[in-house]
Amino acid sequence: MKALSWLAVGILAVSLKSAQGVAFHIDPHRPSWVEAFYLARGLPRSIAHAISQACVFHVRMENRSQAPIHVRVERWRIKALGKERPVKGRKAWDALLKEAPKAARASFYWTLFPDDIILQPGEGIMGIAIFDLPPGTPFSLTVSWQEDGEDVALSLSDLRCPTS
Amino acid sequence: MRSFLIGLLLVVILFSLVLAMPSLTEVPGHPKAPDFALPDLDGKVHRLSDYRGKVVVINFWATWCPPCRKEMPSLERAWQVLRKEGIMLFAIDVAEDENAVFAFVAEHDLSFPVLLDEEGGVIGRWSAKGLPTTYVVDPEGRIVYKATGPREWDDASILEQIIALKRAP
(Lines give C-alpha, C1' and ligand atoms only; values in the text may rest on other atoms or scores of the structure.)
Protein backbone atom coordinates (compact mmCIF):
# COMPACT_ATOMS: atom_id res chain seq x y z
CA MET A 1 0.00 0.00 0.00
CA LYS A 2 1.24 3.45 -0.88
CA ALA A 3 0.82 5.98 1.86
CA LEU A 4 0.80 9.72 1.68
CA SER A 5 0.47 11.93 4.68
CA TRP A 6 -0.28 15.55 5.31
CA LEU A 7 -0.54 17.74 8.33
CA ALA A 8 -3.71 19.75 8.04
CA VAL A 9 -3.70 23.04 9.89
CA GLY A 10 -6.77 23.52 12.08
CA ILE A 11 -9.92 23.53 10.01
CA LEU A 12 -8.52 25.03 6.84
CA ALA A 13 -9.28 23.38 3.53
CA VAL A 14 -6.73 20.87 2.31
CA SER A 15 -6.00 19.84 -1.27
CA LEU A 16 -3.65 17.02 -2.12
CA LYS A 17 -2.68 15.00 -5.15
CA SER A 18 -1.28 11.46 -5.20
CA ALA A 19 1.73 10.52 -7.30
CA GLN A 20 -0.55 8.99 -9.92
CA GLY A 21 -2.67 12.12 -10.08
CA VAL A 22 -5.68 11.56 -7.85
CA ALA A 23 -6.69 14.84 -6.26
CA PHE A 24 -8.39 14.93 -2.86
CA HIS A 25 -9.91 18.05 -1.39
CA ILE A 26 -11.55 18.50 2.00
CA ASP A 27 -13.15 21.69 3.24
CA PRO A 28 -15.07 22.32 6.50
CA HIS A 29 -18.68 23.49 6.58
CA ARG A 30 -19.68 25.67 9.52
CA PRO A 31 -22.65 24.32 11.53
CA SER A 32 -24.77 27.38 10.70
CA TRP A 33 -24.23 26.78 6.98
CA VAL A 34 -25.04 23.07 7.32
CA GLU A 35 -28.25 23.71 9.23
CA ALA A 36 -29.45 26.30 6.70
CA PHE A 37 -28.49 24.03 3.79
CA TYR A 38 -30.49 21.08 5.08
CA LEU A 39 -33.43 23.21 6.15
CA ALA A 40 -33.56 24.37 2.54
CA ARG A 41 -33.58 20.72 1.46
CA GLY A 42 -36.71 20.16 3.54
CA LEU A 43 -35.31 18.47 6.64
CA PRO A 44 -37.04 19.27 9.95
CA ARG A 45 -35.11 21.78 12.04
CA SER A 46 -34.22 19.26 14.77
CA ILE A 47 -32.63 16.91 12.25
CA ALA A 48 -30.88 19.68 10.32
CA HIS A 49 -29.49 20.96 13.62
CA ALA A 50 -28.30 17.50 14.68
CA ILE A 51 -26.46 17.06 11.40
CA SER A 52 -24.94 20.52 11.66
CA GLN A 53 -23.34 19.52 14.98
CA ALA A 54 -21.84 16.30 13.59
CA CYS A 55 -18.60 17.52 11.98
CA VAL A 56 -19.46 18.16 8.36
CA PHE A 57 -16.95 18.58 5.56
CA HIS A 58 -17.15 19.00 1.81
CA VAL A 59 -15.09 16.36 0.01
CA ARG A 60 -14.06 16.31 -3.62
CA MET A 61 -12.02 13.72 -5.51
CA GLU A 62 -10.78 13.98 -9.06
CA ASN A 63 -9.10 11.17 -10.94
CA ARG A 64 -6.39 12.82 -12.99
CA SER A 65 -4.51 9.54 -13.35
CA GLN A 66 -4.52 7.29 -16.40
CA ALA A 67 -6.52 4.45 -14.82
CA PRO A 68 -9.88 4.04 -13.10
CA ILE A 69 -9.92 4.36 -9.33
CA HIS A 70 -12.31 2.67 -6.89
CA VAL A 71 -13.29 4.65 -3.81
CA ARG A 72 -15.05 2.99 -0.86
CA VAL A 73 -15.86 5.24 2.07
CA GLU A 74 -16.29 2.23 4.39
CA ARG A 75 -12.52 1.76 4.13
CA TRP A 76 -11.75 5.28 5.29
CA ARG A 77 -10.70 5.57 8.93
CA ILE A 78 -11.17 8.31 11.44
CA LYS A 79 -9.16 8.66 14.65
CA ALA A 80 -10.51 10.89 17.40
CA LEU A 81 -10.81 10.92 21.17
CA GLY A 82 -8.36 8.03 21.35
CA LYS A 83 -10.38 5.69 19.15
CA GLU A 84 -10.25 4.65 15.53
CA ARG A 85 -13.32 3.67 13.51
CA PRO A 86 -14.58 3.61 9.93
CA VAL A 87 -16.22 6.68 8.46
CA LYS A 88 -20.01 6.28 8.49
CA GLY A 89 -21.68 5.69 5.16
CA ARG A 90 -25.10 6.79 3.94
CA LYS A 91 -27.04 3.99 5.66
CA ALA A 92 -25.72 5.03 9.06
CA TRP A 93 -27.96 8.11 8.96
CA ASP A 94 -31.22 6.24 8.30
CA ALA A 95 -32.26 6.20 11.96
CA LEU A 96 -31.76 9.94 12.39
CA LEU A 97 -33.76 10.66 9.25
CA LYS A 98 -36.59 8.24 9.99
CA GLU A 99 -39.08 11.04 10.72
CA ALA A 100 -38.04 13.25 7.79
CA PRO A 101 -40.23 13.60 4.69
CA LYS A 102 -39.31 11.12 1.96
CA ALA A 103 -38.17 13.83 -0.50
CA ALA A 104 -35.96 15.44 2.14
CA ARG A 105 -34.42 12.05 3.00
CA ALA A 106 -33.67 11.48 -0.67
CA SER A 107 -32.19 14.95 -1.01
CA PHE A 108 -29.98 14.36 2.05
CA TYR A 109 -28.80 11.03 0.68
CA TRP A 110 -27.73 12.57 -2.63
CA THR A 111 -25.81 15.39 -0.97
CA LEU A 112 -23.46 12.89 0.69
CA PHE A 113 -20.18 11.80 -0.82
CA PRO A 114 -20.86 8.44 -2.52
CA ASP A 115 -20.17 5.34 -0.43
CA ASP A 116 -18.75 3.34 -3.31
CA ILE A 117 -17.80 4.77 -6.66
CA ILE A 118 -15.50 4.12 -9.59
CA LEU A 119 -14.01 7.20 -11.21
CA GLN A 120 -12.68 6.89 -14.73
CA PRO A 121 -9.67 8.98 -15.79
CA GLY A 122 -10.71 12.61 -15.88
CA GLU A 123 -13.80 12.09 -13.74
CA GLY A 124 -14.48 13.75 -10.41
CA ILE A 125 -17.15 13.64 -7.74
CA MET A 126 -18.02 15.68 -4.70
CA GLY A 127 -20.26 15.42 -1.69
CA ILE A 128 -20.64 15.96 2.00
CA ALA A 129 -18.85 13.79 4.56
CA ILE A 130 -20.21 13.65 8.10
CA PHE A 131 -17.68 12.41 10.62
CA ASP A 132 -20.10 12.27 13.57
CA LEU A 133 -17.93 14.09 16.10
CA PRO A 134 -18.72 17.07 18.35
CA PRO A 135 -17.82 20.58 17.14
CA GLY A 136 -14.19 21.46 17.80
CA THR A 137 -13.01 17.84 18.09
CA PRO A 138 -9.50 17.28 16.73
CA PHE A 139 -9.19 14.20 14.53
CA SER A 140 -7.16 12.52 11.87
CA LEU A 141 -8.52 10.95 8.73
CA THR A 142 -7.17 8.25 6.48
CA VAL A 143 -8.80 8.07 3.07
CA SER A 144 -8.02 5.30 0.65
CA TRP A 145 -8.81 4.10 -2.81
CA GLN A 146 -7.66 1.52 -5.29
CA GLU A 147 -5.57 3.01 -8.02
CA ASP A 148 -4.21 0.93 -10.87
CA GLY A 149 -4.83 -2.23 -8.84
CA GLU A 150 -2.99 -0.92 -5.82
CA ASP A 151 -4.32 0.41 -2.52
CA VAL A 152 -3.39 4.02 -1.86
CA ALA A 153 -3.93 5.65 1.52
CA LEU A 154 -3.79 9.30 2.32
CA SER A 155 -3.53 10.43 5.95
CA LEU A 156 -4.64 13.83 7.13
CA SER A 157 -3.77 14.70 10.70
CA ASP A 158 -4.65 17.66 12.93
CA LEU A 159 -8.04 18.19 11.36
CA ARG A 160 -10.63 19.81 13.58
CA CYS A 161 -14.42 19.71 13.41
CA PRO A 162 -15.81 23.12 12.51
CA THR A 163 -17.49 25.28 15.11
CA SER A 164 -19.89 28.18 14.67
CA MET B 1 10.73 35.23 -30.29
CA ARG B 2 8.62 36.21 -27.28
CA SER B 3 5.34 35.95 -29.22
CA PHE B 4 6.45 32.59 -30.59
CA LEU B 5 7.03 31.30 -27.06
CA ILE B 6 3.66 32.64 -25.88
CA GLY B 7 2.00 30.99 -28.88
CA LEU B 8 3.77 27.73 -28.15
CA LEU B 9 2.68 27.92 -24.53
CA LEU B 10 -0.93 28.47 -25.58
CA VAL B 11 -0.78 25.48 -27.90
CA VAL B 12 0.62 23.33 -25.09
CA ILE B 13 -2.09 24.52 -22.70
CA LEU B 14 -4.86 23.90 -25.23
CA PHE B 15 -3.43 20.48 -26.07
CA SER B 16 -3.30 19.50 -22.41
CA LEU B 17 -6.86 20.72 -21.90
CA VAL B 18 -8.03 18.55 -24.79
CA LEU B 19 -6.15 15.57 -23.36
CA ALA B 20 -7.67 16.16 -19.93
CA MET B 21 -11.24 16.28 -21.24
CA PRO B 22 -12.93 13.10 -20.03
CA SER B 23 -15.07 11.42 -22.64
CA LEU B 24 -18.04 9.12 -22.04
CA THR B 25 -17.47 5.70 -20.51
CA GLU B 26 -18.99 2.72 -22.27
CA VAL B 27 -21.22 0.69 -19.96
CA PRO B 28 -20.37 -3.03 -20.16
CA GLY B 29 -23.14 -5.18 -21.61
CA HIS B 30 -25.31 -2.16 -22.51
CA PRO B 31 -28.03 -2.93 -19.91
CA LYS B 32 -31.65 -2.02 -20.52
CA ALA B 33 -32.44 1.48 -19.29
CA PRO B 34 -34.96 1.48 -16.42
CA ASP B 35 -38.16 3.12 -17.63
CA PHE B 36 -39.56 6.20 -15.94
CA ALA B 37 -42.52 8.52 -16.20
CA LEU B 38 -41.78 11.95 -14.75
CA PRO B 39 -43.36 15.40 -15.08
CA ASP B 40 -41.59 18.38 -16.56
CA LEU B 41 -41.97 21.89 -15.18
CA ASP B 42 -45.20 22.35 -17.15
CA GLY B 43 -46.66 19.19 -15.66
CA LYS B 44 -46.34 17.17 -18.89
CA VAL B 45 -45.34 13.59 -18.14
CA HIS B 46 -42.48 12.10 -20.17
CA ARG B 47 -42.06 8.35 -20.32
CA LEU B 48 -38.63 7.12 -21.42
CA SER B 49 -40.08 4.17 -23.34
CA ASP B 50 -42.07 6.61 -25.50
CA TYR B 51 -38.75 7.74 -26.96
CA ARG B 52 -37.74 4.28 -28.18
CA GLY B 53 -36.12 4.69 -31.60
CA LYS B 54 -34.28 7.83 -30.52
CA VAL B 55 -31.00 8.38 -28.75
CA VAL B 56 -31.76 9.86 -25.33
CA VAL B 57 -29.34 11.68 -23.02
CA ILE B 58 -30.38 11.59 -19.35
CA ASN B 59 -28.66 13.90 -16.89
CA PHE B 60 -29.33 13.51 -13.15
CA TRP B 61 -28.62 16.75 -11.29
CA ALA B 62 -29.66 19.12 -8.49
CA THR B 63 -29.51 22.89 -8.11
CA TRP B 64 -27.37 22.71 -4.93
CA CYS B 65 -24.68 20.63 -6.69
CA PRO B 66 -21.81 22.90 -7.89
CA PRO B 67 -20.54 20.61 -10.69
CA CYS B 68 -24.12 20.13 -11.91
CA ARG B 69 -24.53 23.89 -12.15
CA LYS B 70 -21.18 24.20 -13.86
CA GLU B 71 -22.05 21.84 -16.69
CA MET B 72 -25.51 23.26 -17.40
CA PRO B 73 -24.38 25.92 -19.91
CA SER B 74 -22.51 23.33 -21.97
CA LEU B 75 -25.49 20.98 -21.73
CA GLU B 76 -27.67 23.75 -23.15
CA ARG B 77 -25.20 24.32 -26.01
CA ALA B 78 -25.10 20.56 -26.66
CA TRP B 79 -28.91 20.47 -26.73
CA GLN B 80 -28.93 23.05 -29.52
CA VAL B 81 -26.86 20.60 -31.60
CA LEU B 82 -28.51 17.36 -30.50
CA ARG B 83 -32.12 18.44 -31.02
CA LYS B 84 -31.33 19.08 -34.70
CA GLU B 85 -30.05 15.50 -34.88
CA GLY B 86 -33.32 14.17 -33.48
CA ILE B 87 -31.69 13.28 -30.17
CA MET B 88 -33.61 13.79 -26.92
CA LEU B 89 -32.16 15.20 -23.73
CA PHE B 90 -33.73 15.16 -20.27
CA ALA B 91 -32.25 16.75 -17.18
CA ILE B 92 -33.79 15.00 -14.18
CA ASP B 93 -33.64 17.03 -11.01
CA VAL B 94 -33.24 14.81 -7.95
CA ALA B 95 -35.31 15.35 -4.81
CA GLU B 96 -35.94 19.06 -4.92
CA ASP B 97 -38.83 21.41 -4.70
CA GLU B 98 -40.31 22.46 -8.05
CA ASN B 99 -39.95 26.16 -7.22
CA ALA B 100 -36.19 25.89 -6.68
CA VAL B 101 -35.79 24.06 -9.99
CA PHE B 102 -38.01 26.51 -11.85
CA ALA B 103 -36.00 29.48 -10.58
CA PHE B 104 -32.71 27.88 -11.64
CA VAL B 105 -33.99 26.96 -15.10
CA ALA B 106 -35.33 30.46 -15.67
CA GLU B 107 -32.14 32.11 -14.44
CA HIS B 108 -29.96 29.99 -16.73
CA ASP B 109 -32.34 30.09 -19.68
CA LEU B 110 -32.33 26.32 -20.13
CA SER B 111 -34.50 25.14 -23.02
CA PHE B 112 -34.21 21.35 -22.73
CA PRO B 113 -36.88 19.45 -20.78
CA VAL B 114 -36.21 19.36 -17.05
CA LEU B 115 -38.02 16.57 -15.22
CA LEU B 116 -38.72 16.28 -11.51
CA ASP B 117 -37.81 13.16 -9.56
CA GLU B 118 -39.08 14.71 -6.35
CA GLU B 119 -38.64 11.71 -4.07
CA GLY B 120 -35.55 10.30 -5.78
CA GLY B 121 -37.36 7.13 -6.78
CA VAL B 122 -36.16 7.11 -10.38
CA ILE B 123 -32.46 7.75 -9.83
CA GLY B 124 -32.51 4.95 -7.27
CA ARG B 125 -33.25 2.47 -10.07
CA TRP B 126 -30.28 3.57 -12.15
CA SER B 127 -26.68 2.86 -11.17
CA ALA B 128 -25.85 6.47 -10.27
CA LYS B 129 -23.79 6.95 -7.12
CA GLY B 130 -23.45 10.72 -7.08
CA LEU B 131 -24.44 13.91 -8.89
CA PRO B 132 -24.14 14.76 -11.65
CA THR B 133 -24.38 11.45 -13.46
CA THR B 134 -25.38 11.27 -17.10
CA TYR B 135 -26.40 8.34 -19.28
CA VAL B 136 -26.76 7.96 -23.01
CA VAL B 137 -29.45 5.52 -24.11
CA ASP B 138 -29.42 4.11 -27.64
CA PRO B 139 -32.50 3.81 -29.91
CA GLU B 140 -33.10 0.26 -28.58
CA GLY B 141 -33.38 1.56 -25.02
CA ARG B 142 -30.00 0.30 -23.84
CA ILE B 143 -27.55 2.29 -21.72
CA VAL B 144 -24.44 2.67 -23.84
CA TYR B 145 -22.52 5.46 -22.10
CA LYS B 146 -22.23 6.87 -18.61
CA ALA B 147 -20.51 9.97 -17.28
CA THR B 148 -19.84 10.41 -13.58
CA GLY B 149 -19.20 14.04 -12.71
CA PRO B 150 -19.35 17.04 -15.02
CA ARG B 151 -18.45 17.24 -18.68
CA GLU B 152 -18.12 19.90 -21.34
CA TRP B 153 -21.11 18.54 -23.20
CA ASP B 154 -20.57 20.56 -26.35
CA ASP B 155 -17.07 19.17 -26.76
CA ALA B 156 -16.86 17.82 -30.31
CA SER B 157 -15.67 14.35 -29.28
CA ILE B 158 -18.54 13.91 -26.82
CA LEU B 159 -21.13 15.09 -29.33
CA GLU B 160 -19.67 12.69 -31.87
CA GLN B 161 -19.96 9.77 -29.43
CA ILE B 162 -23.63 10.58 -28.85
CA ILE B 163 -24.58 11.27 -32.46
CA ALA B 164 -22.80 8.11 -33.64
CA LEU B 165 -25.38 6.04 -31.72
CA LYS B 166 -27.98 7.03 -34.31
CA ARG B 167 -25.97 5.06 -36.84
CA ALA B 168 -25.00 2.16 -34.60
CA PRO B 169 -26.14 -1.30 -35.74
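Position numbers for residues count from 1 along each chain, tracking the sequence in the order it is written. Labels follow written order: the first chain is A, the first ligand is 1, and so on. A pLDDT threshold of at least 70 governs which residues receive local features in this predicted model, and a stricter bar of 80 or more applies before side-chain atom pairs are shown or counted, although totals over entire chains, interfaces and linings include all residues. Water and hydrogen atoms play no part in the side-chain values, which are based on all heavy atoms of the structure.

**Student:** I would appreciate a short explanation of the pattern of salt bridges in the present structure.
**Tutor:** In the sections that follow, a salt bridge refers to a side-chain nitrogen of Lys or Arg positioned within 4 Å of a carboxyl oxygen of Asp or Glu. Scanning the entire structure with this criterion turns up 13 salt bridges over all chains. The partner of A:Arg41 in a salt bridge is B:Glu96, with the nearest N and O atoms 3.7 Å apart. Highlighted residues: A:Arg41 in the loop between α1 (31–40) and α2 (45–52) and B:Glu96 in the loop between β5 (88–94) and α3 (98–108), drawn from two different chains. With a closest N to O distance of 3.7 Å, B:Glu119 and A:Lys102 form a salt bridge. In this pair, B:Glu119 sits in the loop between β6 (114–117) and β7 (133–137) while A:Lys102 sits in helix α3 (residues 102–111), so the two residues belong to two different chains. Helix and strand labels come from DSSP, where a helix needs a run of H or I of at least four residues and a strand needs a run of E of at least two; each type is numbered from the N terminus.

**Student:** Would you explain the sheet that holds strand β4 (residues 56–63) of chain A in this entry?
**Tutor:** Paired through their backbone hydrogen bonds, the strands of a sheet run either parallel or antiparallel. Residues and elements named next belong to chain A. Two strands pair if DSSP finds at least two bridges between them. Taken in spatial order, the four strands make up an open sheet running β2-β3-β4-β9, and their pairing is antiparallel. Only two strands of the sheet have a single neighbouring strand rather than two, namely β2 (14–17) and β9 (124–130). Here the strands of the sheet are splayed against their neighbours by 15° on average, with no regard to which way each runs. Taken together, the seven bridges between strand β3 (residues 22–28) and β4 define a ladder with antiparallel strand orientation. The residue of β4 that forms the bridge with Phe 24 is Met 61. Comment: axis = line fitted to C-alpha atoms, over the contacting stretch for helices; angle = value between 0 and 180 degrees taken between N-to-C directions.

**Student:** Can you help me understand the environment of A:Ile69 in this one?
**Tutor:** Residues and elements named next belong to chain A. Take Ile 69: it is sitting in strand β5 (residues 69–72). When the C-alpha positions of Ile 69 and Leu 133 are compared, they lie 28 Å apart, and in sequence the two are 64 residues distant. Contact definition: two residues touch when any of their heavy atoms are within 4.5 Å. Ignoring sequence-local partners within four residues, the contact set of Ile 69 consists of Val 22, Met 61, Asn 63, Ile 117, Ile 118, Leu 119, Trp 145, Gln 146 and Glu 147.

**Student:** Explain the pairing of strand β7 (residues 83–86) of chain A to me, please; I cannot follow it from the model alone.
**Tutor:** Each regular strand shows side chains that alternate between the opposite faces of the sheet. Residue and element names in this part refer to chain A. Of the strand pairs in this sheet, strand β6 (residues 77–80) and β7 are connected by four bridges, and their pairing is antiparallel. Considered in β7, the bridge of Arg 77 is made with Pro 86. Hairpin connection of β6 to β7: two residues between the antiparallel strands, including Leu 81 at a positive phi of 50°.

**Student:** Would you explain the pairing of β2(A) in this entry?
**Tutor:** All names here are of chain A. Classification of residues uses two cut-offs on accessible area relative to the type maximum, computed with a 1.4 Å probe and protein chains only: under 20% is buried, over 50% is exposed, and between them is partly exposed. What you see with β2 is a clean split: Val 14 and Leu 16 sit on the buried side and Ser 15 and Lys 17 on the side with no burial. Where β2 lies against β3, four bridges are found, and the strand directions are antiparallel. For Leu 16, the partnering residue across the bridge sits in β3 and is Phe 24. Adjacent in sequence and paired antiparallel, β2 and β3 are bridged by four residues, among which Gly 21 carries a positive phi angle near 110°.

**Student:** Whenever I open this one, the packing of aromatic side chains confuses me. Can you help?
**Tutor:** Residue and element names in this part refer to chain B. Only Phe, Tyr and Trp rings take part, Trp by its six-membered ring, and two of them pair if their centres are within 6.5 Å. Stacked means planes under 30 degrees apart, edge-to-face means over 60, and tilted covers everything else. Within the structure shown, the criterion is met by 16 aromatic pairs over all chains. Consider the rings of Tyr 51 and Phe 90, whose centres lie 5.1 Å apart with planes at 80°: the pair is edge-to-face. Here Tyr 51 is found in the loop between β3 (45–47) and β4 (56–61), whereas its partner Phe 90 is found in strand β5, with 39 residues between them in sequence. The burial state of Tyr 51 is the same as that of Phe 90; both residues are buried. Relative to Tyr 135, the ring of Trp 126 has its centre 4.9 Å away and its plane inclined at 50°; by these criteria the two rings are tilted.

**Student:** So what exactly am I meant to see when it comes to the sheet that holds β5(B) here?
**Tutor:** All names here are of chain B. On the basis of which strands lie adjacent, the open sheet formed by six strands has the order β1-β8-β7-β4-β5-β6 and mixed pairing. The outermost strands of the open sheet, each flanked by one partner alone, are β1 (25–26) and β6. The pairing of β7 with strand β8 (residues 143–148) spans five bridges and is classified as antiparallel. Bridging across to β8, Thr 133 finds its partner in Thr 148.

**Student:** Sorry, what's going on with the interface of chain B and chain A here?
**Tutor:** Where the parts come together, the accessible area they lose is often given as the size of the interface. Tallying the contact residues gives 23 residues for chain B and 20 residues for chain A. Defined here as a combined quantity, buried area equals the accessible surface (1.4 Å probe) lost by two parts on assembly, summed across both. Contact between chain B and chain A buries roughly 1700 Å² in total, counting both sides, with carbon and sulfur atoms accounting for 64%. Interface area lost by chain B to chain A is led by B:Trp64, B:Lys129 and B:Thr148, which between them contribute 39%. The interface formed by chain B and chain A contains three salt bridges. Think of a polar contact as two N or O atoms within 3.5 Å of one another; within protein, one of them needs to be a possible hydrogen donor and the other a possible acceptor, and neighboring residues in sequence only count if both atoms come from side chains. Where chain B touches chain A, the interface holds five residue pairs in polar contact (both at pLDDT 80 or more). For the side of chain B that touches chain A, the secondary-structure elements that each account for two or more residues are α2 (66–82) and β8 of chain B. Among the elements that take part in the side of chain B that touches chain A, β8(B) stands out by supplying three residues, more than any other.

**Student:** Could you clarify how one ought to interpret the packing of α1(A) against α2(A) in this entry?
**Tutor:** Axis angle and axis distance: for two packed helices, these are the angle between their axes and the distance between the axes, and together they describe the pair. Residues and elements named next belong to chain A. The geometry of α1 relative to α2 is characterised by a closest axis approach of 8 Å and an angle of 145° between their N-to-C directions. Note that α1 runs across α2; the crossing there is right-handed. Here α1 contributes Pro 31, Val 34, Glu 35, Tyr 38 and Leu 39 to the contact with α2, which in turn contributes Arg 45, Ala 48, His 49, Ile 51 and Ser 52. For the contact of α1 with α2, the class distribution of residues is six nonpolar, two polar and two charged. The sense of a crossing depends on the near helix, which, turned anticlockwise from the far helix by less than a right angle, makes the crossing left-handed and, turned clockwise, makes it right-handed. Put simply, Ala, Val, Leu, Ile, Met, Phe, Trp, Tyr, Cys and Pro go in the nonpolar bin, Asp, Glu, Lys and Arg in the charged bin, and everything else, Gly too, in the polar bin.

**Student:** Mind showing me how you'd approach the side chain of A:Ser52 here?
**Tutor:** Residue and element names in this part refer to chain A. Within the secondary structure layout, Ser 52 lies in helix α2. Of the polar contacts made by the side chain of Ser 52, one reaches the backbone oxygen of His 49; its length is 2.6 Å. If we skip the residues at most four places from it in the chain, Ser 52 touches Pro 31, Val 34 and Glu 35.

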